[in-house]
Every structure is written in C-alpha cells, then in structure tokens.
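# Structural overview for review
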Amino acid sequence: MSALTWSNMRSRVRESKIPPVYAILLIVFVSAIVLDAIFGRGQITSGVILTNMVVRSVALGIVAMGQTFVMLAASIDLSVAYLISVTAVMASYLMQGDPARVPLAVAAVFAIGGLVGLINGLIVSKLKVNPFIATLGVGLVLKGILNASFETFVGAVPRSFQTLGYGTLGPIPISILVLLAVTLISAFVLSRTRFGSHLYAVGGSEITSRLSGLRTDRVLILAHVVCSLTAVLTGLFVVSRLRSGAPWVGTDGLYDLESIAAVVVGGTALSGGKGGVIGTLAGVLIFGVLDTMFNQLGVDTFLKQVLRGAIIILAVASYTVRSKEKAA
Amino acid sequence: MAQISTPAQERSLWDRFIIGLRNIAPIYIVLILLLIGIGTQNPTFLEPAGFLNLLRRAAPLMVLTAGQLFVIVTGGFDLSGGSLMSLTVIGASLLINNDPANTWWAILVLFGIGILVGLLNGVIVSYLNVPSLIATLGMLLALRGAGLYWTGGAPRGYLTDNFRMFGRGWLEPFPVIERFPYAVLVLIVVSAAAIYLFNQTNLGRQLLAVGDNPRASRLAGISVEKLRIIAFVLSAITAVIAGILQGGFGGVNPDAGEGYELQAISAAVLGGAVLLGGRGSMGAAIAGALALEALFTLLNLLGLPKPLRDAVQGLIIIGAVAYAAYRSRRTR
C-alpha cells in the first residue's frame with residue numbers, strides 16, 4: 001500500500017479529469033469554514049446555510065452555463081443582463097397573477113429569448129461584428145425598449161409559479177435541481193453530441209473548422225441561442241423569487257460581467273475552445289461560498305465588492321501565471 | 001497595386017478628390033452629418049458658444065476614449081475607466097473636505113491613485129497573464145466597492161469651486177468669443193498630447209506593433225510587458241482627468257462614471273479601432289467620442305425619450321461596426 005503518496009494522488013486527480021478549479025473551490029470552502037469558526041458563529045456548515053448558499057448561486061449558475069457555450073466558441077454575450085430584465089418584466093406582465101396564463105407567458109419569453117439569441121448570432125457570424133460590440137449593442141437596444149415601456153415593477157407571478165423559486169422536492173429546493181439539470185444537460189450536449197464537438201472545434205480554430213467543412217456560422221448562432229435561452233431561464237427564476245419583475249433586476253445583478261467572470265474562473269479560456277460547464281459550476285459556487293462567508297463574518301457590503309474583485313483576478317491568475325501564452 | 005504605378009499628375013482633380021475622400025476615416029463624415037443634423041434642429045449649436053458647450057459636455061468621454069485607445073490597440077480592454085472616474089469624483093469631495101486650499105494636493109493624490117490603478121492593471125495583465133477583460137473587470141468591482149467603502153455608502157460634502165472650475169468654468173475674458181470653457185482647453189491639451197504620443201513617437205508605433213503581433217514585437221526587441229503597462233497607466237490617467245471634468249460638470253455623484261468605459265470602447269470602435277489590437281487612429285477615436293455625444297444631443301433635440309436613445313445608440317454602434325467589417329472584407 002505505497003499507493004497513497006502525494007504525487008500518486010496528484011496524478012490520480014489529474015487522470016480523473018476534474019477541472020483544477022475544484023481545488024480552488026475546496027481551498028475557498030475550507031478557508032470559509034476556518035474563518036467562520038474563528039471570527040464568525042461557526043454555523044457555515046449547517047444544512048440551512050449550505051442550502052441557501054447554493055440557492056443564491058442558481059440565478060447566476062443557469063446563465064453562466066449558457067455563457068460557457070458562447071465563450072467556448074470564442075464569442076461573448078454582454079446582453080444577458082438586459083435579457084434577464086426583459087424576461088422578468090415580460091413574464092410578470094403577461095402572467096398578471098393568473099395561473100392559467102403561465103404557459104403562454106413562459107412560451108412568449110422563451111420565444112423572445114430565442115429571437116434575441118438568433119439576432120446576436122447573426123450579427124456576430126454574418127455581419128462579422130466583434131461579439132463584444134454586437135451583444136453590447138443588442139443589450140442597449142433591449143434596455144432602451146424595456147425602459148421606454150416600463151418604469152417600475154409591473155404585474156405579478158401567480159403563487160403556483162413561485163414554486164420554481166421557493167418550492168422543494170423532499171428536502172431539496174427545486175431551484176437547485178433546475179441548476180443541476182441545466183448543468184448536466186449542458187455537460188452532456190458539450191461532451192456527447194455533434195454540436196458540442198463542433199463548438200470546441202470552432203472555438204479552437206474557426207478557420208480550420210471552416211476549411212474542414214464545418215458550417216461554423218450555424219454553430220456560433222446556435223451557441224448564442226442557447227446562451228439567450230439560459231438567460232431567459234435565469235430571468236424566470238429571478239421573477240419567481242421577486243414575485244414581480246422590474247426593468248433593473250438583470251443589470252443590478254451584474255449578470256453580464258459576473259457570468260463571464262464565473263466562466264473564466266471556471267477554467268474556460270476567453271480565446272475559446274477550452275473548458276466546460278463542470279468548471280463553470282465550480283466558478284459559480286466559489287462566488288456563492290464567498291458571499292455566504294462574507295455575510296457570516298459580517299463583512300462590510302462595499303469591502304465585499306473589493307474582495308470579490310481581487311479574488312476573481314487571483315483565481316484566474318492562478319492558472320494563467322504559468323501559461324506561456326501571453327494574454328491580451 | 002496597379003493604382004500606385006499611375007503617376008499622380010495624370011489623375012484629374014476630381015479623381016484625386018474622390019481618392020482623398022476615401023482615405024478619410026468615415027467617422028469624420030458621420031460626425032459632420034450629425035453636426036448638420038443638429039444644426040437643422042437648433043442652429044445655436046453651431047454658433048461658437050453653442051458648439052463649445054457641446055464640446056464641453058463631450059470632453060470627459062473624449063478624454064477617456066483617448067486613453068482607452070492606447071489599451072485597445074495593444075489588444076486589450078480597460079473596463080475600469082468608468083469606476084475610476086467615479087472614484088475620482090468621490091475621492092475629490094472627501095480629500096478636499098470643503099476647503100478650497102486642499103484642491104491642489106487632492107488633485108495630485110487623485111493622479112497618484114490613478115497611476116497606481118493603471119500600474120496594477122498593467123502588471124496583472126503583463127506578469128500574471130490574466131486576460132485584460134477579467135483583470136479590469138475585477139478592478140471595476142474593486143474600485144466601485146472601494147469608492148463606496150471610502151464614503152461609507154453615501155458621498156458627503158461638495159466640490160469646491162476651484163475644483164469644479166475645470167469642468168464647468170469659463171476663461172474670461174477671451175478674444176473674439178468673450179469666454180472659453182476650461183474643459184475644452186483641457187480637452188485640446190489632452191487630445192494634442194495623445195495624438196502626438198500616438199502618431200509621432202516610437203511609443204505609438206510600438207503599441208500598435210504589440211497589438212498586431214506580440215510575438216514578432218518581442219523578437220524585434222520591444223518590451224511587450226512594459227508597453228502594456230504604459231498603455232494601462234495612460235488609460236488610467238485619462239480616467240482621472242475625465243473624472244475631474246465630470247465632477248466639475250455634474251457635482252458629487254457616486255455613479256459619475258458609470259457606463260463610460262463601454263461608451264469609450266464603442267467610441268474608439270466607431271473611430272475605426274479594431275478590438276484585439278493592431279489598428280486604430282487617435283484622431284478618429286476622439287472624433288468617434290464626439291460623434292457619440294453629438295448623436296445623444298441630436299436624439300435629444302428630436303425629442304426621443306432617454307430610453308429610446310439607448311436603443312438607437314445600440315443600433316448605430318452595431319451598424320457602424322458591421323459597415324467597417326464589410327469594408328475591410330471588400331478591400332482585402
């Protein structure tokens with residue numbers, strides 16, 4: 001039994017294909033437990049707090065899965081925060097507290113999301129506009145239309161719809177199950193379907209993929225549609241918790257920049273082609289653990305933001321510092 | 001290449017005019033069209049006083065865009081500019097503490113903070129290899145939190161008149177037009193310095209080279225790391241200047257610079273800069289920022305509600321970049 005040496009363990013972890021971000025998640029989680037035991041109330045490992053921690057990660061987690069798709073294709077989506085606002089407002093406006101109108105509203109917001117994703121994808125792939133500018137522009141258009149039409153909280157979601165945000169299946173909140181389902185489906189699509197392999201190929205080298213006969217435009221458009229649909233799902237989750245949608249719910253949550261940060265912390269390269277949703281899940285959970293720890297320790301809200309910014313940089317630096325490729 | 005072999009003398013004046021027109025960055029034509037549009041709605045904007053007022057309002061974004069372009073041509077982004085502007089406004093109100101005598105050293109301290117932020121951005125990108133999008137995003141969050149932490153949530157005090165002079169003051173008396181805004185004076189100095197650095201010095205050429213091909217630049221003996229750091233420091237310095245102008249114009253406001261970073265990136269792109277580096281023109285980028293502000297003014301004059309102005313801005317940015325992409329594909 002000489003098997004349990006340090007180097008042996010290291011190579012085993014490497015072979016298991018667990019993304020290295022899980023080491024960071026573990027370090028962050030253990031430090032949270034230690035810091036909470038010393039300076040806080042030592043309750044961070046209690047079931048209630050752990051559950052809340054994950055529930056708080058659900059909104060960011062779902063949209064971060066979609067963001068992973070576009071970033072694997074070497075694109076980016078800055079319009080998600082506005083799309084989340086649009087979804088939240090439109091869903092509660094269309095439902096008006098009436099359970100019978102839920103299917104219609106859900107169908108409508110998914111249709112809007114699909115259309116926005118299609119537009120993003122077409123502008124990026126057919127008009128060759130840099131995705132940063134394209135999705136920023138589409139985001140501004142959504143913001144403009146939304147703010148011109150609605151000023152504050154509108155409509156309401158019926159009590160039955162709040163099950164998505166507050167309901168439980170046995171001991172487990174439904175929202176956590178939704179996040180897990182989205183993650184597993186995404187992981188399956190990325191690793192087991194043709195679209196998934198094409199996505200990695202296009203992100204790795206668009207030109208090579210095109211010359212090998214891939215319809216790269218279609219892959220890119222589909223990735224944008226997937227991303228927008230996850231933003232819609234996040235919007236539905238947010239509105240089910242808030243009971244009513246307001247035009248600022250998406251942008252106040254900083255879902256655009258935070259989802260990108262979570263994806264990159266999770267190990268997906270900004271240049272595309274490398275990474276995956278399992279890493280993104282860890283990236284999202286790191287943010288969740290940090291938020292919970294700061295709350296338990298009673299860290300000042302504003303200082304929390306400073307630390308968050310620093311930790312995002314350090315987490316990404318921990319893998320990039322040794323890479324030979326120079327960042328831009 | 002065949003065109004070059006034709007001696008210039010053989011071309012008619014009209015041909016030369018057309019070729020010259022083609023070589024002008026399209027943003028200048030867009031800018032002129034926008035100004036004509038503004039003029040038809042409200043001719044006072046094209047009189048010297050009205051035009052100077054437009055420039056004064058556009059000055060913060062134009063200054064910030066000049067700095068942003070240094071980073072963009074090296075292939076990076078600086079998302080921290082807007083929050084550094086806000087921090088400058090908040091910091092000024094706290095450091096000055098309502099005593100005009102504190103203004104001058106407070107401005108020095110603010111520039112010190114700015115240079116430190118730029119150095120940090122540059123070091124994180126150059127030596128820790130963190131992509132600039134993430135590095136400056138982290139910095140954005142950190143600066144936003146730091147500003148609010150510094151004030152304890154709500155900014156206190158007001159900005160003294162000698163500080164606000166730069167943003168809203170007028171130089172009086174001034175020959176011919178009676179008075180001249182300080183903000184435009186600052187804008188002229190910053191633009192001239194930026195255009196000189198970008199066009200006339202080795203620094204400008206090397207920044208472009210780094211953005212175009214970092215590896216080739218390194219092999220040619222350029223210190224890529226050092227240049228990237230310089231670009232981020234220049235960008236941060238312009239953010240502090242923009243913050244001082246904006247604070248003077250609008251007073252203490254914790255969100256003074258919010259959204260400015262994305263507007264500056266859009267302005268640079270409208271001016272023909274290519275994201276991910278290697279191409280850009282300083283004059284055209286600054287003109288892009290003025291065009292963006294002129295567009296806001298025009299939409300305002302046309303009576304469009306503020307939210308719809310966002311939507312139109314979005315469409316125009318996409319349209320302009322799509323057109324530029326189409327042009328570059330056609331010429332290739």
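Worth saying up front: this structure is predicted, and the values here are computed from it rather than measured. (Residues numbered from 1 in each chain as written. Chains lettered and ligands numbered in written order. Predicted model: local features only at pLDDT ≥ 70, side-chain atom pairs only at ≥ 80, totals over all residues. Heavy atoms only, no water.)

## Notes on the overall build of chain A
Within chain A one finds 15 helices and two strands. For 328 residues, the compact-globule formula gives about 20 Å, and the C-alpha radius of gyration of chain A, at 20 Å, lands near that figure. Along the first, second and third principal axes, the C-alpha atoms of chain A reach 65 × 60 × 35 Å. Here chain A holds 328 residues, and the buried ones make up 52% of them. When contacts within chain A are restricted to residue pairs at least 6 apart in sequence, long-range pairs at least 24 apart make up 78% of them. When the accessible surface of chain A is totalled, it reaches about 14600 Å², and 66% of it is carbon and sulfur. Put simply, chain A has 24 plus and 13 minus side-chain charges, and the middle of one group is 9 Å from the middle of the other. (Helix = DSSP H or I, 4+ residues; strand = E, 2+ residues; numbered from the N terminus. Rg over C-alpha atoms; globule rule 2.2 N^0.38 Å. Buried < 20%, exposed > 50% of the residue type's maximum accessible area, 1.4 Å probe, protein only. Contact = heavy atoms within 4.5 Å. Areas by Shrake-Rupley, 256 points an atom, 1.4 Å probe, with all protein chains shown as cover. Lys, Arg positive; Asp, Glu negative; His and termini not counted. Charge placed at Lys NZ, Arg CZ, Asp CG, Glu CD.)

## Concerning the overall build of chain B
Per the secondary structure count, chain B includes 15 helices and two strands. Against the globule reference of 20 Å for 332 residues, chain B gives a C-alpha radius of gyration of 21 Å, in line with a compact fold. Once the C-alpha set of chain B is aligned to its principal axes, its extents read approximately 70 × 55 × 40 Å. The burial tally for chain B puts 54% of its 332 residues in the buried class.

## So, the nonpolar core
Membership of the largest hydrophobic core comes to 201 residues, with the highest contact counts inside it found for Phe132(A), Leu199(A), Ile286(A) and Ile265(B). Among the elements that make up this core, the one with the highest residue count is helix 4 (residues 48–73) of chain B (15 residues). (Core = buried A, V, L, I, M, F, W, Y, C linked by side-chain atoms within 4.5 Å.)

## Quick notes on unusual backbone geometry
Residue and element names in this part refer to chain A. If you check the backbone angles, Lys128 has positive phi at about 60° while not being a glycine. In this fold, Lys128 is placed in the loop between helix 5 (102–125) and helix 6 (131–149). A positive phi angle, near 75°, is found at Arg243, a position not held by glycine. Along the chain, Arg243 falls in the loop between helix 11 (216–242) and helix 12 (249–252). Overall, Arg243 belongs to the partly exposed group, its relative accessible area being 41%.

## Details of the pairing of strand 1 (residues 170–174) of chain B
Residue and element names in this part refer to chain B. Across three bridges, the pairing between strand 1 and strand 2 (residues 178–181) is antiparallel. Bridge pairing links Trp170 to Pro181 in strand 2. The hairpin formed by strand 1 and strand 2 contains three residues between the paired strands, and Val176 there has a positive phi angle of roughly 70°. (Pairing = 2+ DSSP bridges.)

## Details of the confidence of the model for chain B
With 96% of its residues at a pLDDT of 70 or more, chain B has an overall mean of 88. Across residues 1–6 of chain B the pLDDT falls below 50, and counting only partners more than four positions away or on other chains, this stretch makes two contacts in the model. (pLDDT = per-residue confidence, 0-100.)

## Describing the side chain of Arg164(B)
Residue and element names in this part refer to chain B. Considering the arrangement of structural elements, one finds Arg164 in helix 8 (residues 161–168). Comment: no salt bridge for buried Arg164; closest opposite-charge side chain is Asp161, at 6.0 Å. Among the polar contacts listed, one links the side chain of Arg164 to the backbone oxygen of Gly248, at a separation of 2.9 Å. Apart from the residues lying within four places of it in its own chain, the contact partners of Arg164 are Leu159, Gly169, Gly247, Gly248, Phe249, Gly250 and Gly251. (Salt bridge = Lys/Arg side-chain N within 4 Å of Asp/Glu carboxyl O. Polar contact = N/O pair within 3.5 Å; in protein donor to acceptor, adjacent residues only side chain to side chain.)

## Describing the pattern of salt bridges
Under the defined criterion, the tally for this structure stands at eight salt bridges over all chains. The shortest N-O distance in the salt bridge between Arg308(A) and Glu258(A) comes to 3.0 Å. With Arg308(A) in helix 15 (residues 301–320) and Glu258(A) in helix 13 (residues 255–265), the pair connects residues that are 50 residues apart, well separated along the chain. In this structure, Arg308(A) and Glu258(A) share a single accessibility class: buried. With a closest N to O distance of 3.0 Å, Arg218(B) and Glu225(B) form a salt bridge. The exposure class assigned to Arg218(B) is partly exposed, which follows from its relative accessible area of 33%. Judged by relative accessible area, Glu225(B) falls into the buried class, the value being 14%.

## Notes on the packing of helix 10 (residues 202–212) of chain B against helix 12 (residues 224–250) of chain B
All names here are of chain B. Running from amino to carboxyl end, helix 10 crosses helix 12 at an angle of 110°, the nearest separation of the two axes being 10 Å. Viewed along their axes, helix 10 and helix 12 adopt a mutual orientation that is roughly perpendicular. Helix-helix and strand crossings are classified by hand; for helix 10 and helix 12 the assignment is left-handed. Residues Leu203, Gln206, Leu207 and Val210 of helix 10 touch helix 12, and the partners they reach there are Val224, Leu227, Arg228, Ile230, Ala231 and Leu234. Of the residues assigned to the contact of helix 10 with helix 12, the class counts are eight nonpolar, one polar and one charged. (Axes fitted to C-alpha atoms, helices over the stretch in contact; angles between N-to-C directions. Parallel < 35°, antiparallel > 145°, perpendicular 65-115°, else oblique. Left-handed = near helix turned anticlockwise from the far one by under 90°. Nonpolar A, V, L, I, M, F, W, Y, C, P; charged D, E, K, R; others polar.)

## Some thoughts on the interface of chain B and chain A
Residue-level contacts link 49 residues of chain B with 44 residues of chain A. Across the interface of chain B and chain A, roughly 3900 Å² is buried in total on both sides, 77% from carbon and sulfur atoms. In this structure, the connection of chain B to chain A is made through one salt bridge. Between Asp310(B) and Lys143(A) there is a salt bridge; the shortest N-O distance is 3.6 Å. At the junction of chain B and chain A, the tally comes to three residue pairs in polar contact (both at pLDDT 80 or more). Listed by contribution, the elements that provide at least two residues to the side of chain B that touches chain A are helix 6 (103–127), helix 7 (132–151), helix 12, helix 13 (260–270) and helix 15 (306–331) of chain B. Tallied by class, residues from the side of chain B that touches chain A come to 31 nonpolar, 12 polar and six charged. (Buried area = accessible area lost by both parts, 1.4 Å probe.)

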